[in-house]
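Residues per chain, in single letters:
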Amino acid sequence: MDFTLPESALAVQRGVADICSRYDLGYWQRCESDKRWPEEVWAELAKGGWLGLAVPEEYGGGGQGLLELAVATETLSASGAAGGSAFTYVLTPGFGAMTLARHGSARQREELLPRLATGEIETCFALTEPDAGSNALGISTSARRDGDEFVVNGQKIWITGVQRAAWMLLVTRTVPAAEARPRSHGLTVLLVNVPEAVAAGRLSYRPIPKMGANTTPSNTVFIDDLRVPAANVVGEADQGARVLWDILNPERILLAASALGGAEVALRAAVQYAKEREVFGRPIGANQAVAFPLAQVKAKIELARLMLYKAAWLFDERRPCGTEANIAKLTASQAAWEAADHAFQTHGGMAYSLEYPVARLLADARIGRVAPVTEELLLNHLATQVLGLPRSF
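Here the structure is a predicted model, which means the values were calculated and not measured.

### Thoughts on the UniProt feature "domain: Acyl-CoA oxidase/dehydrogenase middle" (unreviewed entry) in the chain
Then, number 1: The UniProt record marks residues 124-225 with the feature "domain: Acyl-CoA oxidase/dehydrogenase middle" (unreviewed entry), using the residue numbering of this structure.
Then, number 2: Note that residues 124-225 is 6% helix and 46% strand, and that its end C-alpha atoms are spaced 20 Å apart.

Dropping the structure here:
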């Protein structure tokens, strides 16, 4: 049993860290305050080839797997981006490139993967709906076959990155949920050309005001009689659940990586302040009431990282990884929240000042406990699917 990261992942870690070393916490704070995409970092990641890690080499990418992508996300987040800003990395390398590399048709791969690898185009992912919420199988956005096209109607919510996306991976129902047997049948994932759909007046979106993660705007999306070529189906019609699981598990793994990086930023800020801030003639970090909670956070970060890397490795090996992905997401999000909360307590009243990064880190960490899936649903999976306890519904 070898716990050493492969050289491919270490190279990613070094390369991404080198770029990020040129951007301090102040840069990320300004991006958040100005609600601005981190253009400079994105451009450097694209130039260095770090956006195409999961794109096969024949399409101009690095030919790497989810483990390397998770390491890149964690490194970006830990550099100071933290969870909210690091989500920029999930939208295209994760949702777009990785999904199409595994499930895209030959035409889709040839047309899109080279441009995704360079960052020329970006993607977003649309699953969640106002009524369905966390019930992914209960969505109602419909796609009706009409000749060589699907006619799509519905509404999505919390769809991040629509403003910059050239393509949207849209999850629809080609068989209504009430008629689907089994419940996972009748899902179809469609590639939607966002600029064309917006120009035609068939797709619109409205930004959602948020308490954090404002480098990546989230939106309510409205779809009205949108026609999508049948050739834009990702995978097979009615069999989209196979594609969906290969989006949701990497999403949980990558967001776990983002959360861990955010936890490292918060812990680092807390430790630095605890060393420098003196009260009653000594640094506050000398007090066990300050030091021990931070030490506990460090232990939880390291434990969550082990599960994160295991889950990513299992995905790359094409082995079942749902339980591991859920545990990684659960533990990493909890570690991020505890790190941010203890960083706040360590800073005392100064944590409330926007001169320090703690408020941003706290907002970023809190969303991880409810999105893209709540802790309660992650625990429900472990209770029913792993422990075999009775289902409540």
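### What to know about the domain arrangement of the chain
Then, number 1: Along its sequence, the chain is organised into domain 1 (7-122), domain 2 (125-239) and domain 3 (241-386).
Then, number 2: The C-alpha-based centres of domain 1 and domain 3 are spaced at 21 Å.
Then, number 3: Listed per partner, the contact involves 31 residues of domain 1 and 29 residues of domain 3.
Then, number 4: Interface of domain 1 and domain 3: buried area, both sides summed, is about 2500 Å²; carbon and sulfur atoms make up 64% of it.

### Remarks on the layout of surface pockets
Then, number 1: By volume, the second largest pocket amounts to about 400 Å³.
Then, number 2: As for the second largest pocket, its lining consists of 13 residues, of which Asp 2, Phe 3, Leu 306, Tyr 309 and Lys 310 are closest to the centre.
Then, number 3: Ranked by residues supplied to the lining of the second largest pocket, first place goes to helix H9 (residues 288-316) with six residues.
Then, number 4: Its residues placed into classes, the lining of the second largest pocket shows eight nonpolar, one polar and four charged.

### Description of the packing of H9 against helix H10 (residues 322-347)
Then, number 1: Between H9 and H10, the shortest axis-to-axis distance is 8 Å and the interhelical angle comes to 155 degrees. On the basis of the axis angle, H9 is roughly antiparallel to H10. Taken as a pair, H9 and H10 cross one another with a handedness that is left-handed. The residues of H10 that touch H9, namely those facing Val 290, Pro 293, Leu 294, Val 297, Lys 300, Ile 301, Ala 304, Met 307, Leu 308, Lys 310, Ala 311 and Leu 314, are Glu 324, Ala 325, Ile 327, Ala 328, Thr 331, Ala 332, Ala 335, Glu 338, Ala 339, His 342 and Thr 346.
Then, number 2: Of the residues belonging to the contact of H9 with H10, the class tally is 16 nonpolar, three polar and four charged.

### Comments concerning the packing of aromatic side chains
Ring pairs (aromatic) are described by centroid distance and by the angle formed between their planes.
Then, number 1: Under the counting rule described, the total for this entry stands at seven aromatic pairs.
Then, number 2: Look at Phe 87 and Phe 95: their rings are 6.3 Å apart centre to centre, the planes differ by 75 degrees, and that puts the pair in the edge-to-face class. Both residues of the pair, Phe 87 and Phe 95, count as buried.
Then, number 3: With a centroid separation of 6.3 Å and 80 degrees between ring planes, the pair formed by Phe 344 and Tyr 352 is classed as edge-to-face.
Then, number 4: Judged by its relative accessible area of 22%, Phe 344 falls in the partly exposed class.
Then, number 5: Taken together, the aromatic side chains of Tyr 23, Tyr 27 and Trp 28 make up a single cluster linked through ring pairs.
Then, number 6: The cationic tip of Arg 102 hangs over the ring face of Phe 315; the distance from NZ or CZ to the ring centre is 4.0 Å.
Then, number 7: Over the ring of Trp 337 we find Arg 366; its NZ or CZ atom is 5.5 Å from the centre of that ring.

### Here's the deal with the nonpolar core
Then, number 1: With 102 residues, the main nonpolar core has Leu 76, Tyr 89, Phe 125 and Leu 308 as its most contacted residues.
Then, number 2: Among the elements that take part in this core, helix H8 (residues 240-276) stands out by supplying 19 residues, more than any other.
Then, number 3: Sequence-distant contacts of Leu 76, defined by excluding residues within four places in its chain, comprise Val 16, Cys 20, Trp 28, Val 41, Ala 81, Ala 86, Thr 88 and Tyr 89.

The rules we used
Residues numbered from 1 in each chain as written. Predicted model: local features only at pLDDT ≥ 70, side-chain atom pairs only at ≥ 80, totals over all residues. Heavy atoms only, no water. UniProt positions renumbered as here; feature names shortened; annotations may be inferred. Helix = DSSP H or I, 4+ residues; strand = E, 2+ residues; numbered from the N terminus. Domains from an automatic or database assignment. Contact = heavy atoms within 4.5 Å. Buried area = accessible area lost by both parts, 1.4 Å probe. 1 Å grid on protein atoms, 1.4 Å probe; cavity = no way out; pocket = protein on both sides within 12 Å on 5 of 7 lines; lining within 4 Å. Points joined across faces, edges and corners; volume = space filled by probe spheres on them. Nonpolar A, V, L, I, M, F, W, Y, C, P; charged D, E, K, R; others polar. Axes fitted to C-alpha atoms, helices over the stretch in contact; angles between N-to-C directions. Parallel < 35°, antiparallel > 145°, perpendicular 65-115°, else oblique. Left-handed = near helix turned anticlockwise from the far one by under 90°. Phe/Tyr/Trp six-rings, centres within 6.5 Å; stacked < 30°, edge-to-face > 60°. Buried < 20%, exposed > 50% of the residue type's maximum accessible area, 1.4 Å probe, protein only. Lys NZ or Arg CZ within 6 Å of the ring centre and 35° of its normal. Core = buried A, V, L, I, M, F, W, Y, C linked by side-chain atoms within 4.5 Å.

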